[in-house]
Amino acid sequence: RDYLNSRTEEREGKSDSAEPANRTPEPTTEEQEPAVATGGFGKGQDDLSESDLHVKAKHFLKEYDLKLSQLNNLFYKEGGQILPLYDDLRTTRVAESQMRVALLQALRRALDTGDFESEVQAIRDDCEARKCYDGGNWSNNFKNNAALFDFATFNKSITRVRLSEHGKKELADLISELQ
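Owing to the predicted nature of the structure, the values given are computational and were not obtained by experimental measurement.

Q: Account for the overall build of the protein chain, naming residues and giving values.
A: A tally of regular secondary structure across the protein chain gives 7 helices and 5 strands. Along the protein chain, helices (α) and strands (β) appear in the sequence α-β-α-α-β-β-α-β-α-α-β-α when read from the amino end. Counting all 179 residues of the protein chain, 35% fall into the buried class. Surface exposure of the protein chain reaches about 11300 Å², of which carbon and sulfur atoms provide 46%.

Q: Let's hear about the side chain of asparagine 141: which residues, and what values?
A: You can see asparagine 141 is positioned in helix 6 (residues 138-144). Judged by relative accessible area, which is 8%, asparagine 141 ranks as buried. Residue contacts for asparagine 141: discarding those within four places in its chain leaves Ala95, Gln98 and Met99.

Q: Give me helix 5 (residues 120-129): which residues, what numbers.
A: Within the span of helix 5, buried status applies to Val120, Ile123, Arg124, Asp126 and Cys127. In an axial view of helix 5, the angular spread of the buried residues amounts to 165 degrees, which keeps them on one side of the axis. On the buried face of helix 5, the contacting elements are helix 4 (94-113), strand 4 (117-119), helix 6 and strand 5 (160-162). Immediately downstream of helix 5, the backbone of lysine 131 shows phi near 60 degrees, a positive value.

Q: Before we move on, could you go through the sheet that holds strand 2 (residues 75-78) and cite the residues and values that matter?
A: Within the open sheet, the 3 strands sit side by side as 1-2-3. Their pairing is antiparallel. Of all the strands in the sheet, just strand 1 (45-46) and strand 3 (81-84) have a single pairing partner and so form its edges. Sheet analysis places strand 1 next to strand 2, joined by 2 bridges and oriented antiparallel. In the strand pairing of strand 2, glutamine 45 is matched with glutamate 78.

Q: Hey, could you go over the packing of aromatic side chains for me, with residue numbers and the actual values?
A: Taken as a whole and judged by the stated rule, the model has 9 aromatic pairs. When the centroid spacing of 5.0 Å and the interplanar angle of 50 degrees are considered together, the rings of phenylalanine 60 and phenylalanine 116 count as tilted. Here phenylalanine 60 is found in helix 2 (residues 55-63), whereas its partner phenylalanine 116 is found in the loop between helix 4 and strand 4, with 56 residues between them in sequence. Phenylalanine 116 sits in the buried class, given a relative accessible area of 4%. Ring geometry for phenylalanine 151 and phenylalanine 154: centres 5.7 Å apart, planes at 55 degrees, overall tilted. For phenylalanine 151, a relative accessible area of 13% gives the class buried. Through a chain of ring-to-ring contacts, the aromatic side chains of Tyr133, Trp138, Phe142, Phe149, Phe151 and Phe154 assemble into a single cluster.

Q: Can you tell me about the nonpolar core, naming the residues and giving the values?
A: Phe60, Leu107 and Phe142 are the most contacted members of the largest nonpolar core, which has 42 residues in total. Counting residues per element, the ones that place at least two in this core are helix 2, helix 4, helix 5, helix 6 and helix 7 (165-177). Ranked by the residues each element gives to this core, the list is headed by helix 4, at 9 residues. Ignoring sequence-local partners within four residues, the contact set of leucine 107 consists of Phe60, Leu71, Phe75, Phe116, Leu171 and Ile175.

Q: Talk me through helix 7; I want residue IDs and the actual numbers.
A: Counted at 1.5 Å a residue, the expected span for helix 7 with its 13 residues is 18 Å, and the 18 Å between its end C-alpha atoms agrees. Turning to helix 7, its buried residues are Gly167, Lys168, Leu171, Ala172, Leu174 and Ile175. All buried residues of helix 7 lie within an arc of 160 degrees about the axis, which places them on one face of the element. Turning to helix 7, the residues buried within the fold contact helix 2, helix 3 (68-72) and helix 4.

Calculation notes
- Residues numbered from 1 in each chain as written.
- Predicted model: local features only at pLDDT ≥ 70, side-chain atom pairs only at ≥ 80, totals over all residues.
- Heavy atoms only, no water.
- Helix = DSSP H or I, 4+ residues; strand = E, 2+ residues; numbered from the N terminus.
- Buried < 20%, exposed > 50% of the residue type's maximum accessible area, 1.4 Å probe, protein only.
- Areas by Shrake-Rupley, 256 points an atom, 1.4 Å probe, with all protein chains shown as cover.
- Contact = heavy atoms within 4.5 Å.
- Arc of directions from axis to C-beta.
- Pairing = 2+ DSSP bridges.
- Phe/Tyr/Trp six-rings, centres within 6.5 Å; stacked < 30°, edge-to-face > 60°.
- Core = buried A, V, L, I, M, F, W, Y, C linked by side-chain atoms within 4.5 Å.
- Expected span 1.5 Å × (residues − 1).

This is the structure:
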């Protein structure tokens with residue numbers, strides 16, 4: 001017998017079995033548990049709120065005329081952690097993708113700690129996961145974009161990058177672009 005055909009017959013009340021189909025109807029949306037303040041049926045997932053943001057992050061939003069709703073399009077909160085919601089970095093260039101990952105990683109940390117910085121290894125791992133890691137040009141991409149960060153030149157001894165004022169401006173532009 002065709003599986004899909006038999007499933008259709010069961011739903012219509014037709015069945016080859018001698019016993020009647022005593023199936024309990026599945027609850028409708030109204031009968032299900034009410035949505036909790038966590039944004040629906042997700043377990044502990046919620047939008048960011050003003051109280052979730054570090055004071056430095058709040059000042060960043062105000063300085064660059066950004067809204068909390070824009071951050072909620074990029075991040076969400078689950079189990080006390082701020083996690084990325086974005087999938088598309090809206091670029092096909094590897095070097096630009098790597099810098100966008102660095103900027104967004106720094107923002108994610110700043111929302112929690114107030115420090116617009118990120119571990120180089122965390123950026124590398126994220127780039128590898130997004131398939132935009134270019135090991136041959138990794139250092140060159142940071143050197144060529146040194147103005148975004150608080151270092152004169154990138155070298156292998158740097159394990160953490162911090163955004164410069166120019167980097168924060170680029171981050172604000174990126175937040176607006178990713179909406």
